[in-house]
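Reading the structure
So the chains spell out like this:
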Amino acid sequence: MIVLRNARLIDGNGGEPVPDATVQIADGKIAYAGPASGAPKVDDAQDAVAVDLQGDTVCPGFFDVHVHLSLPGTKGSPIMAAMVPPSYRYFQLIDRLKATLEAGVTTVRDLMGVDVGVRDAVAHGLVEGPRLLVADRMLSQTGGHADFHAPSGVDGTGIIGGSLVDTPDEARVRARELLREGVDVIKVASSGGVSSPSDDPDWLGAREELVSALVEEAANYGGRPVAAHAIGLAGITAAVKAGVRSIEHGYALTDELRKEMVERGQFLVPTLLETLHPDTATPQAVAKSTKWHEIAQASIRASVEAGIKIAVGTDAGLVPDHGTNLQEIGLLVKHGGMTPMQAIVAGTRTSAELCGVDDTLGTLEAGKTADVVVVKGDPSIDANLVGDNENILLVLKEGKAKSNRGGFAL
């Protein structure tokens with residue numbers, strides 16, 4: 001048993017922090033999380049390790065529900081993936097997984113680029129990293145956001161992680177193939193994109209009937225969700241009306257569509273941290289990025305005020321570096337008008353709900369998996385604290401220490 005005491009507790013449910021709290025962890029589960037005065041007595045025979053947190057804060061393990069572990073962030077260009085064998089790219093994942101976990105992110109949803117083998121390797125302990133949910137491929141029509149044919153004739157579609165489908169029937173077959181492989185989520189691009197060479201975010205990508213086919217197949221084959229890359233209005237409209245579970249980006253949302261998303265119970269993943277770096281992107285992509293992220297920052301507050309369920313995702317790897325994920329929490333406060341506590345809930349309980357794992361993760365409650373992050377200071381007052389990795393003092397995944405910057409005796 002591990003007993004974290006003399007702590008401030010943020011349990012992920014959105015209530016006021018609990019001062020002088022205790023968290024008890026046994027066999028990888030939360031045994032107790034609450035006021036120290038109510039903590040069960042620990043029997044000497046339980047061989048407990050007591051850790052004095054000296055007033056720092058215990059939070060649930062955080063989520064990033066939109067990452068690309070196969071991509072290098074600012075530390076390289078996606079084109080380099082074409083210059084090395086696939087086996088080399090798997091070894092590149094090791095540091096990216098480690099950096100993400102040590103930043104306090106214990107669960108990620110990878111929406112293009114890594115397959116179920118990477119997910120299972122982490123789950124089986126072959127490599128350290130956050131728990132993974134994977135899409136493997138992103139689907140779009142020819143010339144859409146998943147199409148990385150360059151004017152030179154070089155085709156990077158498969159290397160990047162794209163898959164092209166041009167009819168609802170083709171989409172059904174591809175979805176069934178991915179679901180047969182065991183993916184956790186289907187990713188589709190219903191709008192054009194910033195980084196793709198042949199389209200624009202304003203353009204309609206996968207049409208509503210194609211997205212609807214994917215939603216139907218995913219629901220019928222194991223109840224899997226569909227996540228839609230949707231930046232411009234046409235693409236957002238198609239995805240919302242087709243019934244996807246989450247809108248990724250959603251910058252051009254209208255009040256009418258916000259209302260519809262609330263009625264449908266759909267989630268928004270705004271990816272505010274994602275701004276293309278001029279040293280690792282084409283000038284055309286940087287220009288698109290600048291335009292659309294100004295729209296994103298102006299749009300997110302209205303989405304929060306409309307009551308849409310907001311989850312935390314960053315596009316880490318495409319633009320942000322792996323390990324910078326929790327800077328998104330502060331941006332939800334700065335641009336979205338959330339309170340720090342609301343932003344923390346977005347990165348814990350709401351993200352767990354989006355991923356369908358809120359029965360075991362996302363909050364610190366008895367019986368749930370002991371994914372725990374100790375943060376220096378009080379992030380319920382200053383949400384930016386969690387975005388500075390020096391403040392992430394301890395990361396426990398399933399009750400086991402994965403990072404211990406605080407030097408605690410465990």
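For clarity, every value in this text was computed on a predicted model and none was experimentally measured.

The first and last C-alpha atoms of helix 5 (residues 208-220) sit 18 Å apart over 13 residues, in line with the 18 Å expected at 1.5 Å per residue. Along helix 5, the residues classified as buried are L210, V211, A213, L214, V215, E217 and A218. Elements in contact with the buried residues of helix 5: strand 9 (138-140), helix 4 (168-181), strand 11 (186-189), strand 12 (226-230) and helix 6 (233-242). Just downstream of helix 5, G222 is the residue with a positive phi angle, here 95°.

In this model, helix 1 (residues 86-102) (17 residues) spans 26 Å end to end at C-alpha, consistent with the 24 Å of a helix rising 1.5 Å per residue. By the burial criterion, the buried members of helix 1 are L93, R96, L97, T100 and L101. Where helix 1 is buried, its residues meet strand 7 (105-110), helix 2 (116-123), strand 8 (131-134), strand 17 (392-397) and strand 18 (400-403).

Moving on, we get to the pairing of strand 17. Of all six residues in strand 17, six are buried; the element is thus mostly enclosed. Looking at chain direction, strand 17 and strand 18 are connected through three bridges and run antiparallel. Looking at strand 18, one finds that K397 is bridged to K400. Hairpin connection from strand 17 to strand 18: two residues lie between these consecutive antiparallel strands, with E398 at a positive phi of about 55°.

Turning next to the packing of helix 5 against helix 6. Axes are the key here: two packed helices are described by the angle between their axes and the distance separating the axes. Interaxial distance between helix 5 and helix 6 falls to 8 Å at its minimum, and their mutual angle equals 40°. The chirality of how helix 5 crosses helix 6 is right-handed. Touching E208, V211, S212 and V215 of helix 5 are A238, A239, K241 and A242, all from helix 6. Residues that form the contact of helix 5 with helix 6 fall into these classes: five nonpolar, one polar and two charged.

So, about the domain arrangement of the chain. Along its sequence, the chain is organised into domain 1 (2-61 + 363-403) and domain 2 (62-355). Distance between the C-alpha centres of domain 1 and domain 2: 30 Å. At the junction of domain 1 and domain 2, the tally comes to three salt bridges. Put simply, E398 and R131 hold a salt bridge, and the shortest N to O gap is 3.3 Å. Viewed at the interface, domain 2 and domain 1 are joined by eight residue pairs in polar contact (both at pLDDT 80 or more). Going through the elements one at a time, strand 5 (57-60), strand 17 and strand 18 are the ones with two or more residues in the side of domain 1 that touches domain 2. Among the elements that line the side of domain 1 that touches domain 2, the one with the most residues is strand 17, at four residues. Class assignment of the residues belonging to the side of domain 1 that touches domain 2 gives a composition of 12 nonpolar, 12 polar and four charged.

Here we come to the side chain of D200. Summarising the element assignment, D200 is placed in the loop between strand 11 and helix 5. Reaching out from D200, the side chain makes a polar contact with the backbone nitrogen of D202 at a distance of 3.0 Å. Setting aside residues up to four positions removed in sequence, D200 forms contacts with G192, G193, K288 and W292.

Take the nonpolar core next. Judged by nonpolar contacts, the single largest core of 73 residues is most densely connected at L132, I186, L214, I329 and L332. Counting residues per element, this core draws most heavily on helix 5, which supplies five residues. Residues from two domains meet in this core; each of domain 1 (2-61 + 363-403) and domain 2 (62-355) gives at least three. With sequence-adjacent residues up to four places away left out, L214 is seen in contact with L139, A171, A175, I186, V188 and V226. Residues I2, L9, V23 and V58 belong to the second largest nonpolar core, which totals 19 residues.

Quick notes on the rules
- Chains are numbered independently. Their residues run from 1 in the order of the written sequence.
- A pLDDT threshold of at least 70 governs which residues receive local features in this predicted model, and a stricter bar of 80 or more applies before side-chain atom pairs are shown or counted, although totals over entire chains, interfaces and linings include all residues.
- Side-chain measures were taken over the full set of non-hydrogen atoms in the model, leaving aside hydrogen atoms and water.
- Put simply, DSSP H or I for four residues or longer makes a helix, DSSP E for two residues or longer makes a strand, and each gets a number counted from the N terminus.
- Between the first and last residue of a helix there are one fewer steps than residues, each counted as 1.5 Å, and that sum is the expected span.
- For every residue, the accessible area (1.4 Å probe, protein chains only) is compared with the maximum for its type, and the residue is labelled buried under 20%, exposed over 50%, or partly exposed between those bounds.
- Note on definitions: a residue-residue contact is assigned when non-hydrogen atoms from the two residues lie within 4.5 Å.
- The criterion for strand pairing is that DSSP finds at least two bridges linking the strands in question.
- What counts as an axis is a line fitted to C-alpha atoms, over the stretch in contact for a helix, and the angles between N-to-C directions run from 0 to 180 degrees.
- The crossing is said to be left-handed when, going from far helix to near helix, the turn is anticlockwise and less than a right angle, and right-handed when the turn is clockwise.
- All residues other than Ala, Val, Leu, Ile, Met, Phe, Trp, Tyr, Cys, Pro, Asp, Glu, Lys and Arg, Gly among them, are scored as polar; the first ten of these are nonpolar and the last four charged.
- Annotation comment: domain bounds sourced from an automatic or database domain assignment.
- Any carboxyl oxygen of Asp or Glu that lies within 4 Å of a side-chain nitrogen of Lys or Arg is treated as forming a salt bridge with it.
- Think of a polar contact as two N or O atoms within 3.5 Å of one another; within protein, one of them needs to be a possible hydrogen donor and the other a possible acceptor, and neighboring residues in sequence only count if both atoms come from side chains.
- Remark: nonpolar core denotes a set of buried residues (Ala, Val, Leu, Ile, Met, Phe, Trp, Tyr, Cys) joined through side-chain atoms within 4.5 Å.

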